[in-house]
Amino acid sequence: ALLHQLQASRRFLDEAVRARDPGQLSEALRVAQEVALPGVAEEEVLLRKLEAVVAKLEQAPGIEALRLALEAGRKAELPTEIVSKFEQRLRRREEAQLALEETMEAARVPLLSAALENAKGMSLPSEDKAARRLRALEEAESLLKGALENR
């Protein structure tokens, strides 16, 4: 029975290594520890490496850092589901960046305000510039309204 448990644990661990999914590998290592499977040091090192790559993806601010973290994720051969999630995050950030640039160009307070709201927390390159532009536009709009009211 013990031999069967060790063999099953080894197969589960080997499968998890091939899948390169940190969650699956973590679970397989937990099972391996339970049955006292020997020789799992390589798998533990791989788990730490994969977890570090995922942590970089999770924490990557802005566009360029996320792009670099995605490159590392692909090199580490993370599962497609994990990489896809962060590719979508990158696309959303790129779209939000483009929207900020376009609305700054349009110089319309409601549009720029909405684009800034959408970009919140994405650490986009144009975020600060867009916020300054919005404040300037709001101030100009306010002065213009004041001048028109005092005619």
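Since we're looking at a predicted model, the values are computed, not measured.

Enquirer: How should I be thinking about the pattern of salt bridges in this particular structure?
Expert: Two side chains bearing opposite charge may form a pair once their charged atoms approach each other closely. For the structure on display, the rule yields 11 salt bridges. Arg74 is the salt-bridge partner of Glu87, the closest N and O atoms lying 3.0 Å from each other. With Glu87 in helix H5 (residues 80-106) and Arg74 in helix H4 (residues 64-75), this residue pair connects regions lying 13 residues apart in the sequence. Overall, the relative accessible area of 44% leaves Arg74 in the partly exposed class. One salt bridge connects Glu141 with Lys145, and the closest N-O pair in it is separated by 4.0 Å. You can see Glu141 and its partner Lys145 sitting in helix H7 (residues 127-149), four residues apart, about one turn around the helix. When salt bridges with common partners are traced through the structure, they connect Arg10, Asp14 and Glu43 into a single cluster.

Enquirer: Would you mind going over the packing of H4 against H5 with me for this structure?
Expert: Between two packed helices, both the angle of their axes relative to each other and the distance between the axes serve to describe the pair. Where H4 contacts H5, the axes come no closer than 10 Å and their chain directions differ by 160°. Regarding the angle of H4 to H5, the classification is roughly antiparallel. In this structure, H4 meets H5 at a crossing whose hand is left-handed. Residues Leu66, Arg67, Leu70, Gly73 and Arg74 of H4 form the contact with H5, whose participating residues are Val83, Phe86, Glu87, Arg89, Leu90, Arg93 and Glu94. Its residues placed into classes, the contact of H4 with H5 shows five nonpolar, one polar and six charged.

Analysis parameters
Residues numbered from 1 in each chain as written. Predicted model: local features only at pLDDT ≥ 70, side-chain atom pairs only at ≥ 80, totals over all residues. Heavy atoms only, no water. Salt bridge = Lys/Arg side-chain N within 4 Å of Asp/Glu carboxyl O. Helix = DSSP H or I, 4+ residues; strand = E, 2+ residues; numbered from the N terminus. Buried < 20%, exposed > 50% of the residue type's maximum accessible area, 1.4 Å probe, protein only. Axes fitted to C-alpha atoms, helices over the stretch in contact; angles between N-to-C directions. Parallel < 35°, antiparallel > 145°, perpendicular 65-115°, else oblique. Left-handed = near helix turned anticlockwise from the far one by under 90°. Contact = heavy atoms within 4.5 Å. Nonpolar A, V, L, I, M, F, W, Y, C, P; charged D, E, K, R; others polar.

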